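Close look at the chain arrangement
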Amino acid sequence: MAEQTGGFVIKPMDQFVVKPLFGGDVVHWYTPTNVTLWMALTVLAITVLLMLGTRGRAIVPTRGQSMAELSYGFIHKMVEDVAGKDGLRFFPYIMTLFMFILFANLLGLIPFAFTTTSHIAVTAVLALTVFISVTVLGFVLHGAKFLKLFWVDSAPLVLRPVLAIIELISYFARPVSHSIRLAGAMMAGHAVAKVFAGFAGALGVASFVPILAVTALYALELLVAAIQAYVFTILTCVYLRDALHPSH
Amino acid sequence: MEGDIAEMGKYIGVGLTAIGMGGAAIGVGNIAGNFLSGALRNPAAAAGQTAFLFIGIAFAEALGIFSFLVALLLMFAV
Amino acid sequence: MEPQASELGSAPQDVGPQDVGMPQIDFATFPNQIFWLVVTLVVIYLILSRMALPRIAAVLAERRGTITNDVARAEELKRKAEEAEEAYQKALADARTEAARIVDRTKAEMQERLDEAMAKADAEIAARTAESEQRIAGIRKDADAAIEEVARDTVKAVLESMGHKADGRSVNAAVSARLKQGDAA
């Protein structure tokens, strides 16, 4: 990584370091770190959007209120369409996931910000929560019938055991892809932006090229931030539908 | 000298994993292109299928992100 | 990564932790991240489920209710307006027929009164005429009597002046005959 000839060092991973907020080197489980700070800001942003925006409870909404109502309606419709009417019981949980991921992604795009969702630890907890709760829900609702999810009735009998193994593997791969997709997308965008920014420092007059590239990348990252939140949420809804209606 | 060879192998490996991202790019392009051609044939049905478009893209993209992750691990963790 | 770490460490502008590697797999920070993530999620969940979502749901439901009410009210108003128009048209038609009837009745009444007045006038005219004729007849009779008397007196006076003693009865008879003769002529 170190480039001695140009006299510059690109350290794309530095932005992901977890640091204690008030000095010190040791990160205990309770230490307030930059993770704490940016998660608190996420909570603040969500509160501002959903509480302050809807303060007026106006019949004809203000700008802030329509944004809150829009996000509410968007997720509500997604849960209803994908997971079905009985999935609406879990709407607050899914809304929590969506709002947290969306705002963590977007706040992470602020220069010098810390992106909480770029860490495997965070996304793995999110994905495992979904995975475990959906699996438990499936077994609670359907008992052993939930295993029919892996037994594809429409396939020929010979193929069914093979398909069952494949389905089982893909089922357990869900939390892995679910978490790594989000963390990887966030990490990749930020690291690439940092690399381009490093070029800008080294190229002198020609640095407008990487600056333009960073600008374009930033727009792409905004899109990715929103799409990753959307994808995480819709996949949660898909898994939820499997738990509610395992026999397709 | 031995360390340099290991370093070299690492960087070659990182470069090879980048090919995996190309595969993900082909996959995502395939999905988007097929969605578009389907949507142009039957525009009325397209709006209801965008969720599946995004799910498909997310799955294809996840595999590219896996290869990116392998590259990162090689670069920074090995 | 060791050679690189030493290189970075020797770089003069390098401060802070050297060669962070991949912070995502620094397991020492995992408990910290997971703890704060759980706290954050619980806080967000409480805010959403206790305050934000019920409020937005209430606002949306209220709006839906208002819109439904407004539509219903608009429909009712429209229905009322249509009813009012119908009633107006009916009243107009009624008024027209009533007016026509009144015109007819008034015409008939006037005709009747006219006829009555004409009859009365005719009767009066006839009565007057009869009266006038009667009076004319009386006047004529008086005039005849006066003429007879004047003639008798004149005859008597003429006879006396001629020295004759006028016989009253014969004079009267002669004058009457003569007047009758005159009338006949």
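What you see is a predicted model, and the numbers here were worked out from it, not measured in a lab.

Remarks on the overall build of chain A
A tally of regular secondary structure across chain A gives six helices and two strands. Counting helices and strands in the order they occur from the N terminus, chain A gives β-β-α-α-α-α-α-α. By its C-alpha atoms, chain A is 65 × 55 × 40 Å across when sized along the principal axes. Classification of the 248 residues of chain A by burial places 51% in the buried group. Roughly 11800 Å² of accessible area belongs to chain A as shown, and the carbon and sulfur atoms make up 74% of that amount.

As for the overall build of chain B
Helix and strand content of chain B: three helices and zero strands. Going residue by residue from the N terminus, the α and β elements of chain B occur as α-α-α. Expected size for 78 residues packed as a compact globule is a radius of gyration near 12 Å; at 18 Å, chain B overshoots this value by more than 25%. Considering only C-alpha atoms, chain B reaches an extent of 65 × 15 × 10 Å along its principal axes. Counting only residues that meet the buried cut, chain B has 32% of its 78 residues in that class. Of the contacts made within chain B by residues no fewer than 6 positions apart, 79% connect residues no fewer than 24 positions apart. Looking at chain B as shown, the accessible area adds up to about 4600 Å², and 75% of this sits on carbon and sulfur atoms.

With respect to a negative patch on the surface
Taken together, E109(C), E112(C), D115(C) and E116(C) make up a surface patch of like negative charges. Along the chain, the position of E109(C) falls in helix α2 (residues 30-161).

Remarks on the interface of chain B and chain C
The partner chain C presents five residues to the ten residues of chain B that form the contact. Around 590 Å² of area is buried between chain B and chain C when both sides are counted, 67% of it from carbon and sulfur atoms. For the pair chain B and chain C, the interface holds zero salt bridges. Summed over the shared surface of chain B and chain C, the result is zero residue pairs in polar contact (both at pLDDT 80 or more). Among the elements of the structure, α1 (2-41) and α3 (50-77) of chain B are those that each provide at least two residues to the side of chain B that touches chain C. At six residues, α3(B) tops the list of elements feeding residues into the side of chain B that touches chain C. For the side of chain B that touches chain C, the class distribution of residues is eight nonpolar, no polar and two charged.

Here's the deal with the side chain of T236(A)
Residue and element names in this part refer to chain A. Mapped onto the elements, T236 comes out in helix α6 (residues 208-244). Residue classification places T236 among the buried residues on the basis of a relative accessible area of 6%. Among the polar contacts listed, one links the side chain of T236 to the backbone oxygen of F232, at a separation of 2.7 Å. Apart from the residues within four sequence positions on either side, T236 is in contact with I94, L97, V130 and H178.

So, the nonpolar core
With 91 residues, the main nonpolar core has L50(A), M95(A), M99(A), F100(A), L126(A) and L48(C) as its most contacted residues. Taken together, the elements giving at least two residues each to this core come down to α1 (34-52), α2 (63-83), α3 (91-108), α4 (120-142), α5 (159-202) and α6 of chain A, α3 of chain B together with α2 of chain C. The element that contributes the greatest number of residues to this core is α6(A), accounting for 14 residues. With near-sequence residues (within four places) excluded, L126(A) lies in contact with L97(A), F100(A), I101(A), F232(A), L37(C) and L41(C).

Topic: unusual backbone geometry
Residues and elements named next belong to chain A. Even without a glycine there, the phi angle at R57 is positive, about 50°. Inspection of the secondary structure assignment puts R57 in the loop between α1 and α2. Of note, the phi angle at F112 is positive, near 70°, even though the residue is not glycine. On the secondary structure map, F112 appears in the loop between α3 and α4.

Brief notes about the packing of α6(A) against α3(B)
The contact between α6(A) and α3(B) brings their axes to 10 Å, and the two run at 105°. The pairing of α6(A) with α3(B) is recorded here as roughly perpendicular in orientation. Between α6(A), through I227(A), Q228(A), Y230(A), V231(A), I234(A), L235(A) and V238(A), and α3(B), the contact on the second element is made entirely by A51(B), F54(B), I55(B), A58(B), F59(B) and E61(B). Classifying every residue of the contact of α6(A) with α3(B) by side-chain character gives eleven nonpolar, one polar and one charged.

A word on the confidence of the model for chain B
Residue and element names in this part refer to chain B. Mean pLDDT over chain B stands at 87; residues scoring 70 or higher make up 97%. Per-element confidence in chain B ranges from a low mean pLDDT of 85 for α3 to a high of 90 for α1. Here the predicted complex carries an ipTM of 0.88, next to a pTM of 0.74.

Some words on the interface of chain A and chain C
When the parts of a complex come together, some accessible area is lost, and that lost area is often used as the size of the interface. The interface is formed by 51 residues belonging to chain A together with 39 residues belonging to chain C. Here chain A meets chain C over a buried area of about 4200 Å², counting both sides, of which 73% is carbon and sulfur. Linking chain A to chain C there are one salt bridge. Linking E69(A) and R63(C) is a salt bridge whose minimum nitrogen-to-oxygen distance equals 2.9 Å. The tally of links from chain A across to chain C stands at twelve residue pairs in polar contact (both at pLDDT 80 or more).

Looking at the layout of surface pockets
Each pocket or cavity is described by its volume, and for the second largest pocket that value is around 580 Å³. A188(A), L220(A), V224(A), E61(B) and I65(B) are, among the 24 residues lining the second largest pocket, the residues nearest its centre. Among the secondary structure elements, those contributing two or more residues to the lining of the second largest pocket are α5 and α6 of chain A together with α1 and α3 of chain B. Per element, the largest residue contribution to the lining of the second largest pocket is eight residues, and it comes from α6(A). Here the residues of the lining of the second largest pocket are counted per class, giving 18 nonpolar, four polar and two charged.

Thoughts on the environment of E148(C)
Residue and element names in this part refer to chain C. If you trace the backbone, E148 turns up in helix α2. Separated by twelve residues in the primary sequence, E148 and I136 have C-alpha atoms spaced 18 Å apart. Those residues in contact with E148, other than ones at most four positions away along the chain, are V175, S176 and L179.

How each quantity is defined
Residues numbered from 1 in each chain as written. Chains lettered and ligands numbered in written order. Predicted model: local features only at pLDDT ≥ 70, side-chain atom pairs only at ≥ 80, totals over all residues. Heavy atoms only, no water. Helix = DSSP H or I, 4+ residues; strand = E, 2+ residues; numbered from the N terminus. Buried < 20%, exposed > 50% of the residue type's maximum accessible area, 1.4 Å probe, protein only. Areas by Shrake-Rupley, 256 points an atom, 1.4 Å probe, with all protein chains shown as cover. Rg over C-alpha atoms; globule rule 2.2 N^0.38 Å. Contact = heavy atoms within 4.5 Å. Patch = residues over 30% accessible without salt bridge, like charges linked within 9 Å, V, L, I, M, F, W, Y side chains within 5 Å. Salt bridge = Lys/Arg side-chain N within 4 Å of Asp/Glu carboxyl O. Lys, Arg positive; Asp, Glu negative; His and termini not counted. Charge placed at Lys NZ, Arg CZ, Asp CG, Glu CD. Buried area = accessible area lost by both parts, 1.4 Å probe. Polar contact = N/O pair within 3.5 Å; in protein donor to acceptor, adjacent residues only side chain to side chain. Nonpolar A, V, L, I, M, F, W, Y, C, P; charged D, E, K, R; others polar. Core = buried A, V, L, I, M, F, W, Y, C linked by side-chain atoms within 4.5 Å. Axes fitted to C-alpha atoms, helices over the stretch in contact; angles between N-to-C directions. Parallel < 35°, antiparallel > 145°, perpendicular 65-115°, else oblique. pLDDT = per-residue confidence, 0-100. 1 Å grid on protein atoms, 1.4 Å probe; cavity = no way out; pocket = protein on both sides within 12 Å on 5 of 7 lines; lining within 4 Å. Points joined across faces, edges and corners; volume = space filled by probe spheres on them.

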